[in-house]
Amino acid sequence: MDADSMAGAYRPFSLFRKGSLCAALGLAAAVLLAGLPLSGCRSGPGPTPTGGSAATPTGAPTIGPTGDPVPTGGGEHPMTGTLPVEIAGVTVVPHGVSGEIASYGREDPFAVPEDLGALVRIFVRNVSEDRDIRADVLFNGRTGLDLVGTGVLSWCDVPDSREALGKVSDGLPRGTLDCWTLNILDPGFYRNGIAIAMTDRKTGEQAQGTIRVAEADVTVERIVFASEAGDRIPDGFLVFLRNRSASPVSLGRITLWPSYGTYREHWWRETAAPRSVAPFGGEAGIPPGDMGGARVSTGPLPFGEMVLSFEILGPDGSRDIYQSTKPVVTEFDLSMGWGTEALVGSEAFRKTIRSLHVNTFHGGPGAYYDDPDRVAAHPMKTFDSLPDIAVKSSPEWLPLVHGSERFGEPQFDNRPAQGIADIYLAEYRESGYPTTLTLSHEPGFHRYAGLTDLPHFDAYRVVAPHADRWGAYVRYGSKNVPWGAPLETIGFYMRTLAALSRPNPIAAWSQALSDGWFSLLRPASGNPNPLEIRIQAYEALANGAVSLYWFNLSGKNVSANRDRLAVLQEIGREIRTVDRLLGQSAPYAWENRFLDLDQNVLAGEDHAVLFAIDLQYRKAWYNEFVSAGPRTGELSFPVPAWLRDCDAAVRVHRDGIGPIPVRMEAGRAVLSDTFQDTALYVLYRSADGDLAGELANRYDDLRRFEAAFGFDPIRNDADFALLEAEVAALP
């Protein structure tokens, strides 16, 4: 689609950013959204409810470039011909949309299409011991870039696109494995499979085959890299697997293809087995319709994209599923957004931001890190484009880096996905930190599927720039307002992004304070109120965000919105209490009961984090969403098989940590509580240790951290006056 068409489609977004009166009033004609009836229980992922560089890892190779050259490849995707190649595996991530995000109709290129495509990764291997291959490759008779140019693909990483880029190898040396990626927008392209034809440029030898494009019944949902040494060098990972089949399966052999640590070579040869594999719950089996996984110890991994394969054992035999990903240790970071001027220039602002439990800022690292004393007193991570990749991946810098924000908002800027893919491939695939991507409109997320290591979205629900059609959320009753959208729709953004980004983690911008946005229909407040801030943040956390970026805690916004700082501190305290658990979990289940309660489960190796979000909030006469007050009732959360012997739970609240009775019934954790707006619980086995005590100590440490600054502009008028004065004096 040409830029003019896309710009027209995004006109409501652009006009709102420029303060358009029509957009501010939100007077778009309503459209009826397709969806489920107003009654009933809806569920998301999970079982159907019943109610520098480092050493290459050591270990014996599990496969390798041994044996005689094989001119044909067998298995699920056989190749024929004289060229010694085989298709080792095909991994498919279907595109998807929630159907819940209101779009602007047929003129919107990101409106929900009738049929969606898929992200397809093809793992191809040169099985020869003595022959390198550099082949022209066609997919259904066409090159990758030709398919991108005609809109069949949004992006690709294949030999011809690499050749055009000129910075990454496009050949397949002897005994090596490669990964070709096609992000296919047109499902008709692969309805009868994808015919692959390879012709070696030197010998003219050929190989042909047809791959079947279908999602496997066992998938890798998320891979979480970790560092047992406590630094940023990954030495293992958690893998979460979902079994969608009707039969039990188990996890067998795991094989690693680590990076060589070079930017040019896009292939893998050396393989290794993990040092140890510890299945969740001590059992490698995964029941049908459930999730399972394992903690995998590898030893130090070199930075750079790697390939993993997981053997799945089932009643019909075994098969390998493949993934490519970049091993980075992703810590849960809380960002202030943009505002480095105040961060550099005001000690009062730095104390304020740190007391909100923020540890990251968006913007260039230079000015802040010029003063070692400042960094020592107030350590903060940077989140910027970071073009000097080798420097920022060094042991000295890596602890101060959140990630690279190189690509901005491509949907808003109408930026083609292929250009992003090329830059990532040539510059960032070997870094020691994640590269992010900011997406804006959920129905179009699939166009950018699989591009980066830590994608996130930027969508707000109250008096803010928006790409969706506010006023069109008719099935949400009184929440259908022209100055905002239902707060729980943040959950749909997150669930779609998580599904498209497998196996990588995701993050989210969350609405906090505005830079002067307004609506004539809500003149008293252009900012979200504490309830609106809380529910938007909790919807992101409950659906798997591993970092949260507040928009926007600049000096001006913080000093002008003293009444919002308390809720930001409370949420920060709650997040920090469980940040380790959030970062080491994967989304397991979501349930929505009669549109009045969201229940989410994040499953970890030895715990589950349970969220309840009250959706009975209502619209006040002065055009804000306000709390419905406390609610009391029984909460019932589905949990995976390996956690169904848990016998203890605690509630994490802004005012402390406390035990709460829990019982297990038919694979669900059942507890009763009274809460208001949001609730967060941690489920665990008491036999595994004193997790309740660990969380209580963590909470107490956070309260002491807040007090240690000796500066409290939230509650102390003199401190707030000093903050105002320092911010006002900034150039």
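Residues numbered from 1 in each chain as written. Predicted model: local features only at pLDDT ≥ 70, side-chain atom pairs only at ≥ 80, totals over all residues. Heavy atoms only, no water.

With that settled, the discussion passes to the packing of aromatic side chains. Summed over all chains, the structure comprises 28 aromatic pairs. Plain terms: the ring middles of Phe492 and Trp590 are 5.8 Å apart, the flat faces sit at 80° to each other, and that makes the pair edge-to-face. Pair noted here: Phe492 is in helix H11 (residues 489–500) and Trp590 is in strand S26 (residues 585–593), with a separation of 98 residues, a long-range link. Exposure remark for Trp590: the relative accessible area of 6% places this residue in the buried category. Here the aromatic cluster, defined as three or more aromatic residues joined through ring pairs, consists of Phe383, Tyr460, Trp509, Trp517, Tyr549 and Phe551. It is Lys479 that lies over the ring of Tyr617; its NZ or CZ is 4.0 Å from the centre. A cation over a ring is seen here: Arg495 above Phe492, with NZ or CZ 4.7 Å from the ring centre. (Phe/Tyr/Trp six-rings, centres within 6.5 Å; stacked < 30°, edge-to-face > 60°. Helix = DSSP H or I, 4+ residues; strand = E, 2+ residues; numbered from the N terminus. Buried < 20%, exposed > 50% of the residue type's maximum accessible area, 1.4 Å probe, protein only. Lys NZ or Arg CZ within 6 Å of the ring centre and 35° of its normal.)

Right, let's get into the sheet that holds strand S31 (residues 631–638). Taken in spatial order, the three strands line up as S31-S35-S34 in an open sheet, and their pairing is antiparallel. Two strands lie at the open edges of the sheet, namely S31 and strand S34 (663–665), each paired on one side alone. Direction aside, neighbouring strands of the sheet carry axes that sit 35° apart on average. (Pairing = 2+ DSSP bridges. Axes fitted to C-alpha atoms, helices over the stretch in contact; angles between N-to-C directions.)

This part is about the environment of Tyr368. Positionally, Tyr368 belongs in the loop between strand S19 (360–362) and helix H8 (372–377). Sequence separation of Tyr368 and Glu341 is 27 residues, and the distance between their C-alpha atoms is 9.0 Å.

Under the 1.5 Å per step criterion, the end-to-end length of H11 is 17 Å for 12 residues, consistent within 8% with the ideal 16 Å. Within H11, 11 of the 12 residues are buried, which leaves it mostly tucked inside the rest of the structure. (Expected span 1.5 Å × (residues − 1).)

On to empty space enclosed by the protein, then. Here the largest cavity is characterised by a volume of approximately 250 Å³. In terms of lining, the largest cavity is formed by 20 residues, of which the most central are Trp155, Glu305, Tyr424, Gly450 and Leu451. Contributions of two or more residues to the lining of the largest cavity are made by strand S6 (153–157), strand S7 (177–184), strand S17 (317–325) and helix H10 (417–428). The leading source of residues in the lining of the largest cavity is H10, at four residues. In the lining of the largest cavity, the residues fall into seven nonpolar, seven polar and six charged. Computed from the structure, the second largest cavity encloses a volume of approximately 120 Å³. The wall of the second largest cavity is formed by 14 residues, among which Ile223, Phe225, Val328, Thr330 and Pro505 lie closest to the centre. (1 Å grid on protein atoms, 1.4 Å probe; cavity = no way out; pocket = protein on both sides within 12 Å on 5 of 7 lines; lining within 4 Å. Points joined across faces, edges and corners; volume = space filled by probe spheres on them. Nonpolar A, V, L, I, M, F, W, Y, C, P; charged D, E, K, R; others polar.)

Our focus in this paragraph is the pattern of salt bridges. Here the structure, examined in full by the defined rule, presents 53 salt bridges. Where Glu591 meets Arg668, a salt bridge forms, and the shortest distance between an N and an O atom there is 2.9 Å. Placement of the pair is Glu591 in strand S26 and Arg668 in strand S35 (residues 668–675), with a sequence separation of 77 residues. (Salt bridge = Lys/Arg side-chain N within 4 Å of Asp/Glu carboxyl O.)

Residue Pro503 is bonded to the preceding Arg502 through a cis peptide linkage, with omega at 5°. Topologically, Pro503 is positioned in the loop between H11 and strand S24 (506–511). In this structure, the amide linkage connecting Phe551 to the following residue, Asn552, adopts the cis form with an omega of -5°. With respect to the element layout, Asn552 can be found in the loop between strand S25 (545–551) and helix H13 (555–560). Look at Asn414: it is not a glycine, yet its phi comes out positive at around 55°. Within the fold, Asn414 resides in the loop between strand S21 (401–404) and H10. Its identity is not glycine, yet Ala666 carries a phi of approximately 50°, on the positive side. Secondary-structure assignment places Ala666 in the loop between S34 and S35. Judged by relative accessible area, Ala666 falls into the exposed class, the value being 72%.

Before going further, it helps to examine the confidence of the model for the chain. Per-residue confidence for the chain averages 88 on the pLDDT scale, and 89% of its residues sit at or above 70. Below a pLDDT of 50 lies the segment residues 1–73, which in the model reaches 170 contacts outside its immediate sequence neighbourhood of four places, other chains included. (pLDDT = per-residue confidence, 0-100. Contact = heavy atoms within 4.5 Å.)

On a regular strand, one side chain projects to one face of the sheet and the next to the other, so that they alternate. The buried fraction of strand S3 (residues 85–94) amounts to eight of the 10 residues, a majority that puts the element mostly inside the structure. Relative to strand S4 (residues 118–126), S3 runs antiparallel, the two sharing nine bridges. From the neighbouring strand, Glu86 faces S4, where its bridge partner is Arg125.

At a minimum axis distance of 10 Å, the contact between helix H12 (residues 530–542) and helix H14 (residues 562–583) shows a crossing angle of 15°. By the angle between their directions, the pair H12 and H14 is classed as roughly parallel. Crossing angle aside, the handedness with which H12 passes H14 is right-handed. Judged by residue contacts, Pro530, Ile533, Arg534, Ala537, Tyr538 and Leu541 of H12 engage Arg564, Val567, Leu568, Glu570, Ile571, Glu574, Ile575 and Leu582 from H14. Looking at the contact of H12 with H14 residue by residue, the classes come out as 10 nonpolar, no polar and four charged. (Parallel < 35°, antiparallel > 145°, perpendicular 65-115°, else oblique. Left-handed = near helix turned anticlockwise from the far one by under 90°.)

With that out of the way, let us pick up the side chain of Arg242. Within the element layout of this structure, Arg242 appears in strand S11 (residues 236–243). A polar side-chain atom of Arg242 sits 3.4 Å from a polar atom in the side chain of Glu221. (Polar contact = N/O pair within 3.5 Å; in protein donor to acceptor, adjacent residues only side chain to side chain.)

Here helix H15 (residues 691–708) contains 18 residues, and its C-alpha end-to-end distance of 25 Å stays within 8% of the 26 Å for a straight helix at 1.5 Å per residue. Within H15, burial applies to Leu691, Ala692, Gly693, Leu695, Tyr699, Leu702 and Glu706. Each element contacted by the buried residues of H15 is listed here: helix H7 (347–355), H14, strand S28 (607–614), strand S32 (648–653), strand S33 (656–659) and strand S36 (678–684).

Judged by pairing direction, the sheet is antiparallel, and its four strands sit side by side in the order S2-S9-S8-S5 without closing on themselves. At either margin of the open sheet sits one strand with a lone partner, and together these are strand S2 (79–81) and strand S5 (135–139). Neighbouring strand axes in the sheet, compared pairwise and without regard to direction, differ in orientation by 20° on average. Examined bridge by bridge, S2 and strand S9 (residues 206–211) share three bridges and lie antiparallel to one another. The residue bridging Thr80 from the neighbouring strand is Gln208, located in S9.

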